[in-house]
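If you want the building blocks of each chain, they are given just below.
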Amino acid sequence: MGRILAIDPGDKQSGYVIVEHDGNEITCVIDKGKVTNEDMMAIMSSCGNYDFAIEMIQSYGMPVGASVFDTCVWIGRFIEHGLSGRLRPHRYIYREEERLTICRSPKAKDANIIQALIDRFAPNTGNKGKGTKAEPGFFYGFKGDIWQAMGVAVTYFDIYIKGHK
């Protein structure tokens, strides 16, 4: 069994998932959330010998604001922190890779990625695979940036663990 820590970084808060896999497929979500970047550093410190994937900023030729540059600084801090800890060396995952790997289309939007994740890990289930408090589903508690972090984890798994492009 292997584990992957995947981060969708932000300028102040970041989404993350820790997933477990058996080499053939991601089998479960161990932990997830959206936390302050300082708290993300603490979570990283508690992860031992996990694969580490982080979404990297990609230029689309449009002007960006200060929050994008602040996110870039945090990406660097996360990478440095990961290298000084017990995490395996990181891999950058770009949004375009996620679109192509998960949806097989460069035009896929976040909603398409989420639906493809549901189809793969929680097919034929209601409530987007979340289930209920009494009967939690595969994606119980998922929202916003946690979905994006799951996209990072799945893309990493498919490319670097399974070897599919």
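Predicted model, so just to flag it, every value in this text is computed and none were measured.

Rules and cut-offs
- Once a new chain begins, its residue numbering starts again from 1 and follows that chain's sequence as written.
- Whole-chain, interface and lining totals are the exception, using all residues; otherwise, since this is a predicted model, local features are given only for residues with pLDDT of at least 70 and side-chain atom pairs are given and counted only at 80 or more.
- As a rule here, side-chain values cover all heavy atoms of the structure and leave hydrogens and water aside.
- Segments assigned H or I by DSSP are reported as helices when at least four residues long, segments assigned E as strands when at least two residues long, and all are numbered from the N terminus.
- Computation of the radius of gyration draws on C-alpha atoms alone. For the globule rule, the value is 2.2 Å times the number of residues to the power 0.38.
- Each residue is placed in one exposure class: buried if its accessible area under a 1.4 Å probe, protein chains only, is under 20% of its type's maximum, exposed if it is over 50%, and partly exposed if it falls in between.
- Contact between two residues is taken to exist if any of their heavy atoms lie within 4.5 Å; hydrogens are not considered.
- Here, Shrake-Rupley sampling with a 1.4 Å probe gives the accessible areas, and only protein chains in the shown set may cover a residue.
- A positive count includes Lys and Arg, and a negative count includes Asp and Glu. His and the chain ends are not counted in either.
- To locate a charge, take atom NZ for lysine, CZ for arginine, CG for aspartate or CD for glutamate.
- Method remark: on a 1 Å grid restricted to protein atoms, a set of points is classed as a cavity if a 1.4 Å probe fits but cannot get out and as a pocket if it is open with protein on both sides within 12 Å along at least five of seven lines; lining residues have an atom within 4 Å of a point.
- Grid points are joined across faces, edges and corners, and a volume is the space filled by probe spheres set on the points.
- Gly counts as polar in this scheme, as do all residues outside two lists: the nonpolar Ala, Val, Leu, Ile, Met, Phe, Trp, Tyr, Cys and Pro, and the charged Asp, Glu, Lys and Arg.
- Count a disulfide wherever a pair of cysteine sulfur atoms falls within 2.5 Å.
- When DSSP finds two or more bridges between two strands, those strands count as paired.
- A fitted line through C-alpha atoms serves as each axis, taken over the contacting stretch for helices, and the angle formed by two N-to-C directions is quoted from 0 to 180°.
- Think of a nonpolar core as a cluster: buried Ala, Val, Leu, Ile, Met, Phe, Trp, Tyr and Cys residues, connected wherever their side-chain atoms sit within 4.5 Å.

S.K.: Can you help me understand the overall build of the protein chain in this one?
M.R.: Looking only at helices and strands, one finds five helices and five strands in the protein chain. Rg of the C-alpha trace for the protein chain: 15 Å, near the compact-globule value of 15 Å for 165 residues, within the 12% margin. Dimensions of the protein chain, computed from C-alpha atoms along their principal axes, come out at roughly 40 × 35 × 35 Å. Out of the 165 residues belonging to the protein chain, those deemed buried represent 42%. Counting only contacts in the protein chain whose residues sit at least 6 apart along the sequence, the fraction spanning at least 24 positions is 63%. Split by element, the accessible area of the protein chain, about 8600 Å² in all, is 51% carbon and sulfur. Charged side chains in the protein chain number 20 positive and 20 negative. The centres of these two groups are separated by 2 Å.

S.K.: Even after reading the chapter, I still don't get empty space enclosed by the protein, so can you show me in this structure?
M.R.: Gaps between atoms show up when a probe of the same size as a water molecule is rolled over them. Counting across every chain of the model gives one cavity of 30 Å³ or more. Taken as a whole, the largest cavity holds about 40 Å³ of empty space. Lining the largest cavity, in full, are Arg95, Glu98, Asp110, Ile113, Ile114, Trp147 and Gln148. At the level of elements, helix 3 (95-103), helix 4 (110-121) and helix 5 (144-161) are the ones that each hand at least two residues to the lining of the largest cavity. It is helix 4 that provides the largest number of residues to the lining of the largest cavity, a total of three residues. Residue composition of the lining of the largest cavity, by class: three nonpolar, one polar and three charged.

S.K.: Quick question: what am I supposed to make of the state of the cysteines here?
M.R.: Covalent bonding between the sulfur atoms of two cysteines defines a disulfide. Applying the stated criterion across every chain, the model contains zero disulfides. Take Cys47: it sits in no disulfide, and the sulfur closest to it among the cysteines is that of Cys28, at 14 Å. Looking at Cys47, the relative accessible area reads 1%, which means it is buried.

S.K.: Teacher, can you tell me more about the sheet that holds strand 3 (residues 26-36) here?
M.R.: Backbone-to-backbone hydrogen bonds join strands into a sheet, with any given pair of strands oriented parallel or antiparallel. As summarised here, the arrangement of the five strands in space is 3-2-1-4-5, forming an open sheet in which the pairing is mixed. Each having just a single partner strand, strand 3 and strand 5 (90-94) make up the two edges of the open sheet. Within the sheet, the average angular offset between the axes of one strand and its neighbour, ignoring direction, is 20°. Here strand 1 (residues 2-8) pairs with strand 2 (residues 13-21) via seven bridges, running antiparallel. From the neighbouring strand, Asp8 faces strand 2, where its bridge partner is Gly15. Across the face of the sheet, helix 2 (residues 66-84) comes into contact with strand 1, strand 2, strand 4 (51-56) and strand 5 while running at roughly 170° to strand 4. Contacts from helix 3 reach strand 1, strand 4 and strand 5 within the one sheet, and its direction differs from that of strand 5 by about 75°.

S.K.: Explanation requested: the nonpolar core in the structure shown.
M.R.: Nonpolar side chains tend to gather and get buried jointly when the protein is soluble and globular. Counting 26 residues, the largest nonpolar core has Val17, Leu117, Phe139 and Met150 as its most contacted members. Among the elements that take part in this core, helix 5 stands out by supplying nine residues, more than any other. Look past the residues within four positions of Met150 in its chain and what remains in contact with it is Val17, Val19, Ile26, Val29, Leu117, Phe121, Phe138, Phe139 and Phe142. Counting residues in each nonpolar core, the second largest holds 18 residues, with Met40, Met41, Phe52 and Ile79 among its members.

S.K.: Before we go on, may I ask you to explain the pairing of strand 3 in this structure?
M.R.: A regular strand carries its side chains on alternate faces of the sheet. As paired strands, strand 2 and strand 3 are joined by nine bridges and run antiparallel to one another. Note on strand 3: the bridge partner recorded for Glu20 is Cys28. What sits between strand 2 and strand 3 in their antiparallel hairpin is a turn of four residues, with Gly23 showing a positive phi close to 95°.

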